[in-house]
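# Secondary and tertiary structure notes
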Amino acid sequence: MGTNSFLKVLPEMVTFLRVAELGSFSAAADLLGMTPSAVSRQVKRLEKEIGVQLLQRTTRQLRLTEPGVEAFARCRELVLAAQGTMDIAQQFSKKPSGLVRISAPKAFARRVLHPHILEFLQRHPEVDVQLIVDDRDIDPIREGVDLVVRLTTKPPEGLVARPLMPVAHILCASPRYLAEGAAIEHPRDLLAHSCLSLGEHERDNHWRFRKGDEDEGETEVVVRGRYVSNHSEVRLEAALAGLGVACVPAFMAQEALKDGRVVRVLAGWEFQGNYRGHAYILYPPSRFTVPKCRVLIDHLLEALATQDGSRKKLSASSAGSARPRARS
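Residues numbered from 1 in each chain as written. Predicted model: local features only at pLDDT ≥ 70, side-chain atom pairs only at ≥ 80, totals over all residues. Heavy atoms only, no water.

### Topic: helix α4 (residues 66-86)
Keep this limit in mind: Strands here are runs of E lasting at least two residues and helices are runs of H or I lasting at least four, both read from the DSSP assignment and numbered beginning at the N terminus. Take the number of residues in a helix, subtract one, and multiply by 1.5 Å to get its expected span. Summary of the burial criterion: residues with accessible area below 20% of their type's maximum are buried, those above 50% are exposed, and those between are partly exposed, where the area comes from a 1.4 Å probe applied to protein chains only. To be clear, the arc concerns the directions from the helix axis to the C-beta atoms. Residues are treated as being in contact if the distance between any of their heavy atoms lies within 4.5 Å.
Between its first and last C-alpha atoms α4 spans 31 Å; for 21 residues at 1.5 Å apiece the expected length is 30 Å, and the two agree. Within the sequence span of α4, burial applies to Gly68, Ala71, Phe72, Cys75 and Val79. Seen from one end, α4 has its buried residues packed into an arc of 110°, which puts them on one side. Away from its buried face, by an angle of more than 90 degrees, α4 presents the exposed residues Glu66, Arg74 and Glu77. Structurally, α4 contributes buried residues whose contacts are with α1 (10-22), β2 (62-64) and α7 (140-143).

### Details of the side chain of Asn205
Along the chain, Asn205 turns up in the loop between β8 (195-196) and β9 (206-210). When neighbours within four sequence positions are excluded, Asn205 is seen to be in contact with Ser197, Val221, Val222, Val223 and Arg224.

### Focus: the pairing of strand β14 (residues 277-283)
Inclusion rule: In short, DSSP must find at least two bridges between two strands for them to pair.
Of all seven residues that make up β14, six are buried, and the element is covered over most of its length. Both strand β5 (residues 147-152) and β14 contribute to a ladder of five bridges, which runs antiparallel. Residue pairing across strands places Leu151 opposite Ala279, the latter belonging to β14. As judged from the seven bridges shared by strand β6 (residues 160-167) and β14, these two strands associate in the antiparallel manner. In the sheet register, Val160 faces β14, and the bridge partner there is Tyr283.

### Thoughts on unusual backbone geometry
Of note, the phi angle at Leu266 is positive, near 55°, even though the residue is not glycine. As for its placement among the helices and strands, Leu266 is situated in the loop between β12 (263-265) and β13 (270-271). Overall, Leu266 belongs to the buried group, its relative accessible area being 7%.

### With respect to the packing of aromatic side chains
Applied cut-off: Note on aromatic pairs: the rings of Phe, Tyr and Trp (six-membered ring only in Trp) are paired at centre separations within 6.5 Å, and the planes decide the class, stacked below 30 degrees, edge-to-face beyond 60, tilted for the rest.
Throughout the structure, instances matching the rule amount to three aromatic pairs. An angle of 90° between the planes, with centres 5.3 Å apart, marks the rings of Phe108 and Phe251 as edge-to-face. With a gap of 143 residues between them, Phe108 in helix α6 (residues 106-123) and Phe251 in helix α10 (residues 250-258) connect regions that are remote in the sequence. Both rings, one in Trp207 and one in Phe271, keep their centres 5.4 Å apart while their planes meet at 90°; by these two values the pair is edge-to-face.

### Description of the sheet that holds β6
Condition: Here, axes are lines fitted to C-alpha atoms. For helices the fit covers the stretch in contact, and angles between N-to-C directions go from 0 to 180 degrees.
One open sheet holds the five strands; their spatial order is β4-β3-β5-β14-β6, and the pairing between them is mixed. Edge positions in the sheet fall to β4 (127-133) and β6, since each of these pairs with one other strand and no more. Across the sheet, the axes of successive neighbouring strands diverge by a mean angle of 20°, strand direction being ignored. Bridge count between strand β3 (residues 98-104) and β5: two bridges; the pairing is parallel. Looking at the pairing, Ser103 lines up with Val148 of β5. Across the sheet, α6 lies against β3, β4, β5, β6 and β14, angled at about 175° from β4, the strand it touches most.

### Here's the deal with the pattern of salt bridges
Convention followed: Salt bridges are defined by distance alone: a side-chain nitrogen of Lys or Arg within 4 Å of a carboxyl oxygen of Asp or Glu.
Considering all chains together, one arrives at 14 salt bridges under this definition. Between Arg45 and Glu12 there is a salt bridge, with the nearest N and O atoms lying 3.0 Å from each other. Taken together, the residues span a long stretch of sequence, with Arg45 in helix α3 (residues 36-50) and Glu12 in helix α1 at a distance of 33 residues. What makes Arg45 partly exposed here is its relative accessible area of 39%. Since its relative accessible area comes to 6%, Glu12 is described here as buried. When salt bridges that share partners are traced, they join Arg18, Glu21, Arg76 and Asp139 into one network.

Following this line, the structure appears as structure tokens:
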């Protein structure tokens, strides 16, 4: 390929990158606003210019060849550099301004981020925010999102990951429900109760617990309940309605715990659910973080650090009052 001949296949490089990321010509076509046949032609042109096959095509899937893996990495660098170029004006601007697109899981976005974003908008009148509420894992580079919040135990490689706050699931129930049922002092006592679980996966009703004492170790119980939902706010509302013991993120139950509408159950045990770890704010690596993004990142880090401290105090104070009562 000649010195400048790569210029004519720059669009093809972007198209190939999207196909490789999504694993589908049709998905890439939807994202790029093209037809699948046009996407296929662009990839073939790139392969012809480079002189190697980049994708192995079968009726079921696409797979990168060995040269394709190398080309994918280089094309990704190219797109990152292009996006950085588009942000040059923002990088050297002293005053934050413009639109920040940030995505987050639904419950976390509504209960945690939203109040702090409202405060941020008041502090920074030149910055606009688009909050994308979505439970799927969004790739900020592929989908043109500035910042992504993800709840995980292991942040993805290739992105800057700043921890916002720890995320844990707890068990809670209404005082009325606990007063009318058998005492819950050990995880096995849950077998006599209606438990509100997620139901997304086959083992979501297998509740695992760990206690610090060596003689207790880890315990697993298979729970049953009258209501199953994969939305944490729904499970909390069911617990408030007295339908049973719900597993919910601690941030979801914080207000209801504080005002006594629900009570923490088995506070001395750590619930070992699949959805725990840290909430991380993710963004592509760069020498510069544009001011509009930097001020939002700093605002959320500061706000959630303070909130997490308050949450720890709440957890400590509610643990003693969360002892369920047996029926009198």
